Amino acid sequence: MSEREKDASSRFACDDMQRACFEAGIKLATIYHQFTGTPFCAANREGLERTISECIRTQPYVVDARVSINAVCGDKSDQYSYNSLTGDMIDAVVVIKVGDAEVTAEMRYDPELDYPLMFVSKVGI
């Protein structure tokens, strides 16, 4: 562990599992708050999914990040044919590892709640 990481870790009053859950929440919130409103169409949808995933993978403790966009996309047949990304379109999975603790967290639209729910789906050591 680097000195910088030791310094950062010393500021947390929780165990590695709790910190991994915290970090997972940060990553999902970043996806939601950083990227909602982004314009896209059928031609750049996959690129946007890759871009969001790669941006999240650059953050600390991320083992994996996968994002898919669930939307009927315009084909950009004219200047006004595009979508704006909303939370209910985003399916995201992040895997976070802090020490020996690993957490998988997800975000997806829950139709029963009518809400883009973020939740921890798996914890392990």
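The structure displayed is predicted, hence computed values, not measured ones.

**A short note on the pairing of strand β5 (residues 101-110)**
Here is step 1: Bridge count for strand β4 (residues 90-98) against β5 is seven bridges, and the pairing is antiparallel. Counterpart to Lys97 in the pairing with β5 is Glu102.
Here is step 2: When β5 meets strand β6 (residues 115-124), the two strands line up antiparallel, connected through nine bridges. In the strand pairing of β6, Glu102 is matched with Gly124.
Here is step 3: Counting the residues in the hairpin turn of β5 and β6 gives four residues, including Asp114, whose phi is positive at 55 degrees.

**A look at the packing of aromatic side chains**
Here is step 1: For the structure on display, the rule yields one aromatic pair.
Here is step 2: Consider the rings of Phe12 and Phe22, whose centres lie 5.8 Å apart with planes at 65 degrees: the pair is edge-to-face. With Phe12 in the loop between α1 (3-9) and α2 (16-35) and Phe22 in helix α2, the pair connects residues that are 10 residues apart, well separated along the chain.
Here is step 3: Since its relative accessible area comes to 45%, Phe22 is described here as partly exposed.
Here is step 4: The aromatic ring of Phe12 is capped on one face by Arg19, whose charged end is 3.9 Å from the ring centroid.

**Overview of the pattern of salt bridges**
Should their charged atoms come close, side chains of opposite charge can pair.
Here is step 1: Scanning the entire structure with this criterion turns up nine salt bridges.
Here is step 2: Two residues, Glu3 and Lys6, come together in a salt bridge whose shortest N-O distance is 3.5 Å. With Glu3 and Lys6 both in helix α1 and three residues apart, this pair spans about one turn of that helix.
Here is step 3: For Glu3, a relative accessible area of 54% corresponds to the exposed category.
Here is step 4: Exposure remark for Lys6: the relative accessible area of 41% places this residue in the partly exposed category.
Here is step 5: Measuring nitrogen to oxygen at the nearest pair gives 3.8 Å for the salt bridge that ties Arg19 to Glu23. Of this pair, Arg19 and Glu23 both sit in helix α2, separated by four residues, roughly a single helical turn.
Here is step 6: Where salt bridges share partners, they join Glu5, Arg19, Glu23 and Lys27 into one cluster.

Definitions and limits used
- Residues numbered from 1 in each chain as written.
- Predicted model: local features only at pLDDT ≥ 70, side-chain atom pairs only at ≥ 80, totals over all residues.
- Heavy atoms only, no water.
- Pairing = 2+ DSSP bridges.
- Helix = DSSP H or I, 4+ residues; strand = E, 2+ residues; numbered from the N terminus.
- Phe/Tyr/Trp six-rings, centres within 6.5 Å; stacked < 30°, edge-to-face > 60°.
- Buried < 20%, exposed > 50% of the residue type's maximum accessible area, 1.4 Å probe, protein only.
- Lys NZ or Arg CZ within 6 Å of the ring centre and 35° of its normal.
- Salt bridge = Lys/Arg side-chain N within 4 Å of Asp/Glu carboxyl O.

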